[in-house]
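# Structural description and commentary
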Amino acid sequence: MMMLQHGSTQLLCLTASSGVPLFTRGASKQLPFSVIGSLNGVHMFGGGQGVELSCCETEGGGRVVWRVFQDSVMLIAVSAGGQGGAGCSSSKVEEVRLQRLLENVWSCMVLVLGQDELTDVRNVERLKRDLRSCFTLIDQLLEERQEGILGHLTHCADSLLPPNPALLQEAVDGFAEAAESEFGCLVVHGRVAAATEKWWRLAPQEVVLLSALMRSLSASGSASCDYPVFLPKGSPTVAHRLLRFQLLPGADVCVLCGPTPSLHRAQSELVGSFWTPLVETLRDCLAIGERCLPGSVSMRPDVLAVLLINREARRSVSFVRTPTNHLPSEPPLPSKARCWELLKLFYIFSTTRYFAQEETLSVSPEERAQRGHHEDFVLGFSHQPLQCYLVTEECKSYGLQTPQHQLFLLTPLSVPTFALRTLATQTLSDIVAATGF
Amino acid sequence: MAQDAPSSGSIVVADWHQCKDSKEYFSKILHKKRRKNFGLLESPVMPPHVAVDTVHYKIFISGKSGVGKTALTARLAGLNIPNLHYETTGIETTVVYWPVKLRENGRVLFFRLQLWDCGENTLRRFDHLLPACKEQVDAVLFLFSFTDRTSFDDLSNQIAKWTGTSVKLVVGTKFDLFMHCDVPERDVRDFQETWNLRVLRVGGEVSDGLGDVAPLLNCLAENLWHQDCVTAGSANRRSQQDTGTLL
Ligand SMILES: Nc1nc2c(ncn2[C@@H]2O[C@H](COP(=O)(O)OP(=O)(O)OP(=O)(O)O)[C@@H](O)[C@H]2O)c(=O)[nH]1
Ligand SMILES: [Mg+2]
């Protein structure tokens, strides 16, 4: 399986019943047709023997993950290995990443096309053509382009905590109501800054998926949109309208609507009246940048990176500090991009080994029992681990969980290991005290 | 069919962006030599003693999938032009501000052109999108691609569907791919005569940003303004002071 470029992932989509290829994405060099056929064949063979093949590892460190959705579509992810590479990277980590990818890709397909078209395939050629409209989102998932966006992995909404949340909350609520919607959301720098209560009742992966769609629409620089969207959990067969408005570059508001109001009317009658009074508030919000936290939260200098999850609200904030002032005597700090990577790896490491997952993995209980992400030894625990740490050649990592939160923290190697716990608890309480997150 | 469309440059000053006196206006739509991206809550702001009216228009971009609607929209707005064809899966609107000087009295106006781009395949899958695009539309740009004969042949069908709207322009995209040109000059000329419609051409690298798009935007502005004068008998009907959205 060394046919793929190091570190790249290729995605294959076939019909589940007959193995007709529907599309392939990712990796500059496509796998030959014969390999695709074999990958499908071996899965089918398993099926014939009453075995569901879900994952395998190749000699070269590559991985293949299979999954059939709704008995109609088979997705296969093939990675060439070389991902991660940190001390905490294990084959399990890569498997979880790929499983998550397949779930998310399927959700994208439902979001754009609706479930009926995917499960009730009458005309394969037509389906192939229609599937092209999902490529924007799918490619975005494969590239994981934007640093600092972890929602695809955590299924918690990447959030930004604005300095003045009450005003924005009021505006989002009022705006959604005026647009005859209960679902409204303000996105700043690609992260949710405020949303209506009902928005948070959407399935977690829907919230994450809609955020991803908003980010891609926002990146195009367009002023407003009217997008038909199916909700993979809440409304897989009936499309809603996602109306999105770019208030300022980097700040977008959206609502999920029925047939009314029209985009034209919502834009000309509602956007200005609700949001013009808040221009300065929005600018303040944009000014906090990708730090995601208001200036009132001071971060200890020995914190390299943080991911904080509110388990009940299914939201997360995260940030990575730009590495600075490191002494020549010390080993070099990992780059910003590497910190994001390490944060993801440590998250998967902790949640597959020690921490409760039911909050962060969106599979049904039966599925979970079936596919069991936990490594066996954790199931043998009679208790629930609350903290864990890991020291690698690149950094030290500390995870801690409370009934409300999960915190994942990276520090430079220079921080003494015994100080990690205090640093983590302190960071958690600092953020919570200042923001109420 | 368009009745007596204004001849080019008869209403607005052509190539005004090259004149010295346009600098202070065009500088408002630029940022670090690139076009400025305005959010819906923003607009170009002139100093208080230079009062400029802004006139608002809605323009629909029509044409089959892959013809270059999204690319043209990005080009006109000075945004990044997509290299790959990703289908647009809904309506996306883009706002273009364009200052124009009227020939008749030297008056300057900001045209706020909101371009409505809807992916053709999605348009066919969902019935509610086309009516949304048609609502209070002021002009339609009909796109065909010089590399796709069928898109050119289909123009008459497309145009016939838009009887209510009188400002119509035809834009041929991918003019830069002359090696693959499938629509000879002669056919374009015949078409212009039959339909009495202007055909504009776009394609190729984006050069200095303004000279590239000026002919099309000026032509559009001219036609829209002319149309307003005809329907209202007064040039002031559409003008509205943008007090609400000035920052
Ligand atoms: N060389 C060249 N390529 C162009 C031009 N206009 C568009 N393209 C390319 O043609 C492809 C399709 O363009 P789009 O603008 O995405 O097509 P569209 O009309 O929006 O298609 P739908 O959204 O599916 O309806 C893209 O790869 C563009 O880069 C042009 O003037 N010259
Ligand atoms: Mg398009």
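If you're wondering where the values come from, they're calculated on a predicted model, not measured in any experiment.

Criteria and cut-off values
Residues numbered from 1 in each chain as written. Chains lettered and ligands numbered in written order. Predicted model: local features only at pLDDT ≥ 70, side-chain atom pairs only at ≥ 80, totals over all residues. Heavy atoms only, no water. Helix = DSSP H or I, 4+ residues; strand = E, 2+ residues; numbered from the N terminus. Rg over C-alpha atoms; globule rule 2.2 N^0.38 Å. Buried < 20%, exposed > 50% of the residue type's maximum accessible area, 1.4 Å probe, protein only. Areas by Shrake-Rupley, 256 points an atom, 1.4 Å probe, with all protein chains shown as cover. Pairing = 2+ DSSP bridges. Axes fitted to C-alpha atoms, helices over the stretch in contact; angles between N-to-C directions. Contact = heavy atoms within 4.5 Å. Phe/Tyr/Trp six-rings, centres within 6.5 Å; stacked < 30°, edge-to-face > 60°. Near = heavy atom within 4 Å. Polar contact = N/O pair within 3.5 Å; in protein donor to acceptor, adjacent residues only side chain to side chain. Buried area = accessible area lost by both parts, 1.4 Å probe. Salt bridge = Lys/Arg side-chain N within 4 Å of Asp/Glu carboxyl O. UniProt positions renumbered as here; feature names shortened; annotations may be inferred. Disulfide = S-S within 2.5 Å. Expected span 1.5 Å × (residues − 1). Donors = N, O, S within 2.8 Å, 3.2 Å for Na, K, Ca; no water.

## Some points on the overall build of chain B
- Counting its regular elements, chain B contains eight helices and eight strands.
- Against the 2.2 N^0.38 benchmark of 18 Å for 247 residues, chain B shows a C-alpha radius of gyration of 18 Å, consistent with a compact globule.
- Taken over the C-alpha atoms alone, chain B extends approximately 50 × 40 × 35 Å along its principal axes.
- For chain B, buried positions account for 54% of its 247 residues.
- Entry remark: accessible area of chain B is about 11500 Å², with carbon and sulfur atoms responsible for 50%.

## Focus: the sheet that holds strand E5 (residues 73-79) of chain A
All names here are of chain A.
- With antiparallel pairing, five strands are arranged side by side in an open sheet as E2-E1-E5-E4-E3. Each end of this open sheet is capped by a strand with a single partner; those strands are strand E2 (21-25) and strand E3 (55-57). For this sheet the average axis-to-axis angle between neighbouring strands, irrespective of direction, equals 15 degrees.
- Note that strand E1 (residues 9-15) and E2 share four bridges and pair antiparallel. Pairing of Cys-13 across the sheet is with Phe-23, part of E2.
- Across the face of the sheet, helix H5 (residues 135-143) comes into contact with E1 and E2 while running at roughly 45 degrees to E2.

## Some details on the packing of aromatic side chains
Residues and elements named next belong to chain A.
- According to the stated counting rule, one finds 24 aromatic pairs over all chains in the structure shown.
- With centroids separated by 6.1 Å and ring planes inclined at 80 degrees, the aromatic side chains of Phe-346 and Phe-408 adopt a geometry described as edge-to-face. In this pair, Phe-346 sits in helix H11 (residues 336-353) while Phe-408 sits in strand E16 (residues 405-411), placing the two residues 62 residues apart along the sequence.
- Phe-346 gets classed as buried once you look at its relative accessible area, which sits at 0%.
- Overall, the relative accessible area of 0% leaves Phe-408 in the buried class.

## Focus: the site of ligand 1
All names here are of chain B.
- In the vicinity of ligand 1, 21 residues are found, and the nearest of them are Ser-65, Lys-69, Thr-70, Ala-71 and Asp-176.
- Glu-120 places a main-chain nitrogen or oxygen 3.0 Å from an oxygen atom of ligand 1.
- Lys-174 is positioned such that a nitrogen or oxygen atom in its backbone is 3.0 Å from an oxygen atom of ligand 1.
- With three residues, helix H2 (residues 69-77) is the largest single contributor of residues to the shell around ligand 1.

## Considerations on the interface of chain A and chain B
- Chain A puts 40 residues into the contact, and the matching count from chain B is 31 residues.
- In this assembly, chain A packs against chain B so that about 2900 Å² is buried in total across both faces, 55% of it on carbon and sulfur atoms.
- It is A:Tyr227, A:Pro228 and A:His264 in chain A that bury the most area against chain B; as a group they hold 20% of the surface buried on that side.
- B:Glu42 is the salt-bridge partner of A:Arg283, the closest N and O atoms lying 3.6 Å from each other.
- Taken together, the connections running from chain A to chain B amount to 14 residue pairs in polar contact (both at pLDDT 80 or more).

## Things to note about the UniProt feature "domain: FUZ/MON1/HPS1 second Longin" (unreviewed entry) in chain A
- What UniProt calls "domain: FUZ/MON1/HPS1 second Longin" (unreviewed entry) maps, in this numbering, to residues 181-274 of chain A.
- End-to-end, the C-alpha atoms of residues 181-274 of chain A are 15 Å apart, and along that stretch the chain is 30% helix and 43% strand.

## Section: the state of the cysteines
- By the definition in use, this model includes zero disulfides over all chains.
- Among the cysteines around A:Cys257, which has no disulfide bond, A:Cys254 carries the closest sulfur, lying 9.4 Å off.
- Given a relative accessible area of 2%, A:Cys257 falls into the buried group.
- Of all cysteine sulfurs, the one in B:Cys118 lies closest to B:Cys133, which takes part in no disulfide; the gap is 4.8 Å.

## Here we look at helix H2 (residues 91-113) of chain A
Residues and elements named next belong to chain A.
- In this model H2 runs 33 Å from its N-terminal to its C-terminal C-alpha over 23 residues, within 8% of the 33 Å that 1.5 Å per residue would give.
- Here H2 lies mainly inside the structure; 22 of its 23 residues are buried.
- One or two residues past the end of H2 sits Gly-114, with phi positive at roughly 85 degrees.

## Let's talk about the coordination of the magnesium ion (ligand 2)
- Taken together, the protein ligands of the magnesium ion (ligand 2) are B:Thr70 (OG1) and B:Thr88 (OG1), with distances of 2.0 Å. Note that B:Thr70 is positioned in helix H2 and B:Thr88 in the loop between H2 and strand E4 (91-101), a separation of 18 residues in sequence.

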